[in-house]
Amino acid sequence: MKRLLLISLLFTFWSTPAFAVAGEEYTLDPTETEKKPYHVGGYIEFKPVLLGLDRDSAFYKLRFFNDPRGQNLLEANGRIQLEGSYEKNIFRIYAKTNTDLKSSYSGESERTTFYELYGSIKPLANLRLDVGKKTLKWGKGYAWNPVAFVDRPKDPDDPEQALEGYIVATADYIKSFDGPLTTFSFTPVLFPVYDHVNEAFGNNYKLNAAGRFYFLLYDTDIDLLFMTGGSRTDRYGVDFSRNISINFEVHGELAYVRNFQKNAIDTNGNRNMVEGDAVSYVIGMRHLTTFDLTTIIEYYHNGMGFSGNDMKNYYDYISRGYNTYQTTGNATILNNALQMSEGSYGRANSMTNYLYVRFSQKEPFDIVYFTPALTWMMNTDDQSWSLTPELLYTGITNWEFRIRTGIIVGARNSDFGEKQNDYRIELRVGYYF
Amino acid sequence: MIKKLSLTCLLIVSFACPTFALDGTKLLEQVDRNLNPESYETYRKLINIEPDGRKKEFTLFSVKKGQEKIAALFLAPASDKGRSTLRVGDNMWLNIPNIGKPIRITSLQSVVGGVFNNADILNLDYTAEYDVEKVEERGNEYILYLKAKTKTVAYDRLKMWADKEKKLPTKIECLTEANMLIKTLYFKDVKDFGGGIVRPAVIETNSPLYKGYKSVMIFAKIKEKIFKDEVFTLTFMPNLESLR
């Protein structure tokens, strides 16, 4: 009886707007268009996740060696983002906070930080100066951006997530022209790395300089980018994006990193520093069919990534540490390996060559605001892969519902085969206000 | 016999003459200018209405300059606030604050879902994209048959019904090259927006491809205004709010 009452209540909730609309005149209240000097908004997300653990994998052993788990792990995640801005004349301040909440086998955790906090001044229509914590998001790739020299790396499993910025001083200067070169813009960036200022970025006590030159030339977006200054080795990049036809876009990025140092280990855990110039690139396309199927394909070569042998040595090192822990209780090796995983080894797509394919079908079967998608990511060197089907519904104003699963497949010692999970199922409910 | 022949000839001439006398391109230019100044700012609301009556609304601030530059900023709902779209000729981009960098989109996609696609939302002057193939007079309306200038235009053909006196469209059928109907736009509620702009305040659309669904575009303010070219660039997209 109670269930029936609940269903009735839900039905009433869903159907009410339908009755309210009947006979309505279309109007736009002028107050809806009035500009206020301030803006306050936000986003709340609830994301329970079920993880299917691969208890033979290297990363499972690394994370759970002293606290073994069963086949599954359930965790609940929450996220609160608040943003606000205030604008007066040519001045504007903007802030965006992010709070991540997590409840899992290891307890509850909370981390709050400013994702962005900066002040802007716009003395001319084509000139803007910003100082503070800001995300710049350079590059044209969807899943990867090797030319995003002054950004934190995206999560290729969820590339549309908001990212935390860095503390910078930057400007945008824009100039338009008639002719094949339609637009030019220049974005210089000063990027300090000192105690408590971007200190995890690289070498400390350096004032780095970066920049982006943008051209819209012959209907093609082109960026030339650089970063220098000592916190990281000098790097240069170029990217482009162009619509080949009304429904077909191609894009690419290329980054050249000088004197890159890769810290690989042998099976005994001895660090072996390799130094050399590295080239990373992304080449990709986006296509839309007449029946609204969007396909994104990208190929990523990570010139700074680890080879199959490097990763095998790392997995062997973990395995040796795990066996040592099992027999002696000594966790030194595993703690070392854990520390390395927090650096390069544990990064998403830490190896060399990857393929990304995503299909998303907008509003199939005439269900508006409903978008199912399928994402496939493969390490082309060892043929391990992940497959992520998802269903997204955005039909209720300001609400977003997404359910997705991730299936991870790969042999032992392969990139995806040594991940902590065999599969994951997650629900994400988000509300904007 | 001669009388009948003369009468027939006269009838043919009397019907045919107005058609030949009409300059379709000039008429379409007049329609364009009556709909909007060449450069302007406007506030619009888009409403997508589902067959069961449920609806989703979007409020946009748009700016246009010349023949081929238009940009729009989403003001509501909260989930879309801050998003912006830009069109320069055949190039279109979408900027989502979370993603940050503008991504290229196509005219056939829709950033709002529903029946309006990006070409409808970021619409340029009709004369910028279409040639007039022929014009017919029917009662107190003209019927203009328009053909896309290039393959990159969203609809290959348009059939436009325009009020003879006001030189404003009342209905437009959007067709494929094979004359298949994609959607129909209905222009309603002619209103004085000030500054000499008298035009339909409501555009309704439906499509045989979305049976039972309807989308509506309501104009609140239209004001002639000239913007700098730099406004219509990728770099400026996150700053569109500063124009309001």
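For the structure itself, look to the data block above.
All values derive from a computational prediction rather than experimental measurement.

## Here we look at the overall build of chain A
Moving on, step 1. In terms of regular secondary structure, chain A is built from four helices and 18 strands.
Moving on, step 2. Relative to the 2.2 N^0.38 estimate, which gives 22 Å for 433 residues, the radius of gyration of chain A is 24 Å and therefore close to what a compact globule would have.
Moving on, step 3. Along the three orthogonal principal directions, the C-alpha set of chain A runs to about 75 × 70 × 45 Å.
Moving on, step 4. The 433 residues of chain A split such that 47% are buried.
Moving on, step 5. Partitioning the contacts of chain A with sequence separation of at least 6, the portion at a separation of at least 24 is 52%.

## Quick word on the packing of helix α3 (residues 308–328) of chain A against helix α4 (residues 332–345) of chain A
All names here are of chain A.
Moving on, step 1. Running from N to C, α3 and α4 cross one another at 150°; their axes reach a closest spacing of 8 Å. Here α3 is positioned roughly antiparallel relative to α4, judged by the angle of their axes. For the pair α3 and α4, the sense of crossing is left-handed. Of α4, the residues touching α3 (which contributes Asp310, Met311, Tyr314, Tyr317, Ile318, Arg320, Gly321, Tyr322, Thr324 and Tyr325) are Ile333, Leu334, Asn336, Ala337, Met340, Ser341 and Tyr345.
Moving on, step 2. Residues belonging to the contact of α3 with α4 are distributed by class as follows: 11 nonpolar, four polar and two charged.

## Description of the interface of chain A and chain B
Moving on, step 1. Counting residues at the interface gives 66 residues for chain A and 61 residues for chain B.
Moving on, step 2. Summing both partners gives a buried area of about 5,400 Å² for chain A against chain B, and 54% of it is carried by carbon and sulfur.
Moving on, step 3. Considering only the side of chain A, the residues that lose the most area to chain B are Tyr26(A), Ile246(A) and Tyr369(A), jointly responsible for 15% of the buried surface there.
Moving on, step 4. Where chain A meets chain B, there are three salt bridges.
Moving on, step 5. Residue Asp221(A) is joined to Arg104(B) by a salt bridge in which the shortest nitrogen-to-oxygen separation is 3.0 Å.
Moving on, step 6. Those elements that place two or more of their residues in the side of chain A that touches chain B are α1 (2–21), β6 (166–176), β7 (181–193), β8 (206–217), β9 (220–228), β10 (235–245) and β12 (271–288) of chain A.

## Quick look at the nonpolar core
Moving on, step 1. Core analysis: the biggest nonpolar cluster contains 50 residues, and Tyr126(B) and Leu144(B) have the highest contact counts within it.
Moving on, step 2. Look past the residues within four positions of Tyr126(B) in its chain and what remains in contact with it is Leu28(B), Asp32(B), Leu35(B), Leu158(B), Met160(B), Ile172(B) and Phe187(B).
Moving on, step 3. Core analysis: the second largest hydrophobic core is formed by 31 residues, Tyr142(A), Ala143(A), Tyr300(A) and Met351(A) among them.

## Some points on unusual backbone geometry
Moving on, step 1. A cis amide bond links Ala76(B) with the next residue in sequence, Pro77(B), at an omega value of 5°.
Moving on, step 2. For Pro77(B), the location among the structural elements is in the loop between β3 (69–76) and β4 (84–88).

## Examining a nonpolar patch on the surface
Residues and elements named next belong to chain A.
Moving on, step 1. Together, Leu391, Ile403, Ile407, Val409, Tyr423, Ile425 and Leu427 line one region of the surface with nonpolar side chains, adding up to about 510 Å² of accessible area.
Moving on, step 2. When residues of the nonpolar patch are traced back to their parent elements, those giving at least two are β17 (399–409) and β18 (421–432).
Moving on, step 3. With respect to the helices, strands and loops of the structure, Tyr423 is situated in strand β18.
Moving on, step 4. When its relative accessible area of 31% is taken as the criterion, Tyr423 is described as partly exposed.

## So, the environment of Gly70(A)
All names here are of chain A.
Moving on, step 1. When you line up the elements, Gly70 lands in the loop between α2 (58–64) and β2 (72–88).
Moving on, step 2. The spatial distance from the C-alpha of Gly70 to the C-alpha of Gly52 is 9.0 Å, given a sequence separation of 18 residues.
Moving on, step 3. Beyond its immediate stretch of four places on either side in the chain, Gly70 contacts Leu53 and Arg55.

## Some words on the packing of aromatic side chains
Moving on, step 1. Within the structure shown, the criterion is met by 28 aromatic pairs over all chains.
Moving on, step 2. A ring pair is formed by Tyr43(B) and Phe61(B), whose centres lie 5.1 Å apart and whose planes are at 45°; its orientation type is tilted. Separated by 18 residues along the polypeptide, Tyr43(B) in strand β1 (residues 40–49) and Phe61(B) in strand β2 (residues 55–65) bring together distant segments of the chain.
Moving on, step 3. Residues Tyr210(B) and Tyr213(B) carry aromatic rings whose centres are separated by 6.4 Å and whose planes lie at 85° to one another, so their mutual orientation is edge-to-face.
Moving on, step 4. Among the residues examined, Tyr210(B) registers a relative accessible area of 16% and is labelled buried.
Moving on, step 5. One aromatic cluster in this structure is built from Phe59(A), Phe306(A), Tyr314(A), Tyr315(A) and Tyr345(A).
Moving on, step 6. Lying across the ring of Phe201(A), Arg232(A) places its NZ or CZ 3.7 Å from the centre.
Moving on, step 7. The residue whose ring lies beneath Arg199(B) is Phe219(B), and the NZ or CZ to ring-centre distance is 4.1 Å.

## Considerations on the pattern of salt bridges
Residues and elements named next belong to chain A.
Moving on, step 1. All told, the structure shown has 52 salt bridges over all chains when counted by the stated rule.
Moving on, step 2. The shortest N-O distance in the salt bridge between Arg79 and Asp100 comes to 2.9 Å. With Arg79 in strand β2 and Asp100 in strand β3 (residues 91–104), this pair connects stretches of sequence that are 21 residues apart.
Moving on, step 3. Classification of Asp100 as partly exposed rests on a relative accessible area of 24%.

Cut-offs and rules
Each residue is numbered by its place in its chain's sequence as written, counting from 1. Going through the entries in the order they are written, you letter the chains from A and number the ligands from 1. At least 70 in pLDDT is required for a residue's local features to be given in this predicted model, at least 80 for side-chain atom pairs to be given and counted, and no such filter applies to totals for whole chains, interfaces and linings, which use all residues. Remark: hydrogens and water are excluded; side-chain values derive from all non-hydrogen atoms of the structure. Helix numbering and strand numbering both begin at the N terminus, where a helix is a DSSP run of H or I of at least 4 residues and a strand a DSSP run of E of at least 2. For a compact globule the rule gives 2.2 Å times the number of residues to the power 0.38, and the radius of gyration it is set against comes from C-alpha atoms. Relative accessibility under 20% of the residue-type maximum defines a buried residue, over 50% an exposed one, and the middle range a partly exposed one, all with a 1.4 Å probe and only protein chains included. Contacts were defined at the residue level, with two residues in contact if any of their heavy atoms lie within 4.5 Å. A fitted line through C-alpha atoms represents every axis, and for helices the fit uses only the stretch in contact; the resulting angles, taken between N-to-C directions, go from 0 to 180 degrees. Between 65 and 115 degrees an angle is taken as roughly perpendicular, under 35 as roughly parallel, over 145 as roughly antiparallel, and anywhere else as oblique. Take the far helix as the reference: if the near one is turned anticlockwise from it by less than a right angle, the crossing is left-handed, and if turned clockwise, right-handed. Under the scheme applied, nonpolar residues are Ala, Val, Leu, Ile, Met, Phe, Trp, Tyr, Cys and Pro; charged residues are Asp, Glu, Lys and Arg; polar residues are all the others, including Gly. Summed over both partners, the accessible area lost on bringing two parts together, with a 1.4 Å probe, is the buried area. Any Lys or Arg side-chain nitrogen located within 4 Å of an Asp or Glu carboxyl oxygen qualifies as a salt bridge. We call a set of buried Ala, Val, Leu, Ile, Met, Phe, Trp, Tyr and Cys residues a nonpolar core when their side-chain atoms join them within 4.5 Å. Two joining distances apply to patches: 9 Å for like charges and 5 Å for nonpolar side chains (Val, Leu, Ile, Met, Phe, Trp, Tyr), and every residue must have over 30% relative accessible area and no salt bridge. Values of accessible area rely on a 1.4 Å probe in the Shrake-Rupley scheme; residue burial ignores everything except the protein chains shown. Pairing of aromatic rings covers Phe, Tyr and Trp, the last counted by its six-membered ring, and requires centre-to-centre distances within 6.5 Å; plane angles under 30 degrees mean stacked, over 60 mean edge-to-face, and any other angle means tilted. A ring is considered to have a charge above it if a Lys NZ or an Arg CZ atom is located within 6 Å of its centre and within 35 degrees of its normal.

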